[in-house]
Amino acid sequence: MTIGEGCAFGPNFTVVTPVHPMISRERHGIKTPDGSVKGLCYGRPVTIGKGCWFGANVVVCPGVTIGDDCVIGAGSVITHDIPSGTFAAGVPCRVIREITEADSMKYKPEILADNELLED
């Protein structure tokens, strides 16, 4: 799993990387070349870009890539890749819209009050 710098995670954020067979009998095990039986489970990597923010109770499923600067809504279950610079939410998670300059806090003086934004 790879997580970029500057990410923020709400409570109960979960990343799941293991994958199990869909066919029930295949979950019972496989026979190795030496004749022993072992469970079959494999992992798929998860990649999270820089500057992402995840709301509470987000679940990231195996094999997903989330681009830079994304916002993921609370309770989302991410089953597919999410492109950079987007707001996505839902079960399953889907892109709602791009994040634009119009989302800047400078357009919300009632929240920013007498504070100033940091320069890039």
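This report concerns the structure included in the present document. None of the values given here were measured: they were computed from a predicted structure.

## Some words on the nonpolar core
Grouped burial of nonpolar side chains is what soluble globular proteins tend to show. Judged by nonpolar contacts, the single largest core of 15 residues is most densely connected at Phe54, Ile66, Ile72, Ile78 and Ile82. With sequence-adjacent residues up to four places away left out, Ile78 is seen in contact with Phe54, Val58, Val59, Val60, Cys61, Val64, Ile66, Ile72 and Cys93.

## Regarding the pairing of strand β14 (residues 86–89)
Bridge count between strand β12 (residues 71–72) and β14: two bridges; the pairing is parallel. Looking at β14, one finds that Val71 is bridged to Phe87. Sheet analysis places β14 next to strand β15 (residues 94–98), joined by four bridges and oriented antiparallel. Within the sheet, the bridge partner assigned to Ala88 lies in β15 and is Val95.

## Let's talk about the environment of Ile66
Relative to the elements of secondary structure, Ile66 occurs in strand β11 (residues 65–66). Overall, the relative accessible area of 1% leaves Ile66 in the buried class. Setting aside anything within four residues of it in sequence, one finds Ile66 in contact with Thr47, Ile48, Gly49, Cys52, Phe54, Val60, Ile78 and Ile82.

## Structural notes on the packing of aromatic side chains
Applying the stated criterion across every chain, the model contains three aromatic pairs. A ring pair is formed by Phe13 and Phe54, whose centres lie 4.9 Å apart and whose planes are at 55°; its orientation type is tilted. With Phe13 in the loop between β2 (8–9) and β3 (14–15) and Phe54 in strand β9 (residues 53–54), the pair connects residues that are 41 residues apart, well separated along the chain. A network of ring pairs unites the aromatic residues Phe9, Phe13 and Phe54 as a single cluster.

## What about the sheet that holds strand β13 (residues 77–78)?
The strand order across the open sheet formed by three strands is β3-β10-β13, and the pairing between neighbours is parallel. The open sheet has two edge strands, β3 and β13, and neither has a second partner. Inspection of the sheet shows strand β10 (residues 59–60) paired to β13 by two bridges, in the parallel sense. Bridged to Val59 within β13 is Val77.

Reading guide: rules and limits
- Residues numbered from 1 in each chain as written.
- Predicted model: local features only at pLDDT ≥ 70, side-chain atom pairs only at ≥ 80, totals over all residues.
- Heavy atoms only, no water.
- Core = buried A, V, L, I, M, F, W, Y, C linked by side-chain atoms within 4.5 Å.
- Buried < 20%, exposed > 50% of the residue type's maximum accessible area, 1.4 Å probe, protein only.
- Contact = heavy atoms within 4.5 Å.
- Pairing = 2+ DSSP bridges.
- Helix = DSSP H or I, 4+ residues; strand = E, 2+ residues; numbered from the N terminus.
- Phe/Tyr/Trp six-rings, centres within 6.5 Å; stacked < 30°, edge-to-face > 60°.

Geometric descriptors of this kind do not, in isolation, establish any biological role.
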